[in-house]
Amino acid sequence: MRYQQIKWMILLTPTVLVGAWEYVRHEFLLPWLSMEAGNWLTPVLVFLATVTLLRKLFLVYEEMQEELRREKARQAVFEERERIARELHDGIAQTLFLMSIQIDELKQKHPGREWPELERNLRQVHDNVRQAIFNLKPVREEADEKWSERVRKWVLEFETDTGIRTVTDIRLDESLLSPKEKAELFACIQEALTNVRKHAEARRARVELSGERQRWVLRVTDDGKGLKPEAMNKKNRFGLNIMRDRARLLGATLRLWREEAHTVLEIRKEGKE
């Protein structure tokens, strides 16, 4: 039912009801129903219509208003993220590009001299800024699009942007996940693959999500050089610590280990017995 239809139904229902009642009362009920009794019954009928039909219409109207507010909030978030991404691209990214040109000019002016550490640091900062811009532009949610499809779209864009062959395997009915779980799991997938790109030097990765209601497992596996489990306790490992905090919010645990030349990051939630 459309927004305008609900508004008109709320406005017209009492009028139509009273009109219909008065017509029936005067045409058919006057021999059995006194004028005074009919006058008392009119507000009673309006009240009954209000607590039945109109109450349901008001609930639908409020839900539509709430959805509109949520949509405006989501739109505001998208616009702010896109603004930050534009500023990163137009500011820092272009400055880094200019610096790379200046380094090339220095190498031409001073042949035989190399600045490998400077070039390596500049390339790392440039890659980090590119990844930040990429993460700030998430796949937009279509009205009828499933959460799993949005995850697959994002992973496909990650694969295209980085060249890391990434497989997505989701074997969990997403209707069993709460909105909070969907949001946090999506963020963990983004953060995990960002860490793969930054640190793993991997060629292949895999994202797996399986389980059932209140019991699910998310695994992100890559064939890179790996990260020692004790790195989890280092304060400068912001990405891992953020994922650990997200897992804790969901009542889940996060583990990291090496298995047959692969690094496995697992977020596991065990249901209550």
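Data block above holds the structure.
Residues numbered from 1 in each chain as written. Predicted model: local features only at pLDDT ≥ 70, side-chain atom pairs only at ≥ 80, totals over all residues. Heavy atoms only, no water.

**Q** What is the right way to look at the sheet that holds strand β5 (residues 262-269) in this model?
**A** Either a parallel or an antiparallel arrangement is found when strands of a sheet pair, and the pairing is made through backbone hydrogen bonds. One open sheet holds the five strands; their spatial order is β1-β2-β3-β5-β4, and the pairing between them is mixed. Every other strand in the sheet has two partners, leaving β1 (165-171) and β4 (253-259) as the edge strands with one partner each. Each strand axis lies, on average, 10° off the axis of its neighbour in the sheet, ignoring direction. In this sheet, strand β2 (residues 204-212) lies alongside β1 in parallel orientation, the contact comprising seven bridges. When the bridges of β2 are listed, Thr168 appears paired with Val207. Along the sheet face, helix α4 (residues 147-162) touches β1 and β2 and points at about 170° away from the line of β1. (Pairing = 2+ DSSP bridges. Helix = DSSP H or I, 4+ residues; strand = E, 2+ residues; numbered from the N terminus. Axes fitted to C-alpha atoms, helices over the stretch in contact; angles between N-to-C directions. Contact = heavy atoms within 4.5 Å.)

**Q** Any chance you could explain α4 here in plain terms?
**A** Residue pairs three or four apart in sequence face the same way in an α-helix, which turns once every 3.6 residues. With 16 residues, α4 ought to run about 22 Å at 1.5 Å a step, and its terminal C-alpha atoms sit 23 Å apart, in line with that. Taken together, the buried positions of α4 are Trp147, Ser148, Arg150, Val151, Trp154, Val155, Phe158 and Glu159. The first or second residue beyond α4 is Gly163, which carries a positive phi of 80°. (Expected span 1.5 Å × (residues − 1). Buried < 20%, exposed > 50% of the residue type's maximum accessible area, 1.4 Å probe, protein only.)

Everything listed is a geometric property; what it means functionally is a separate question.
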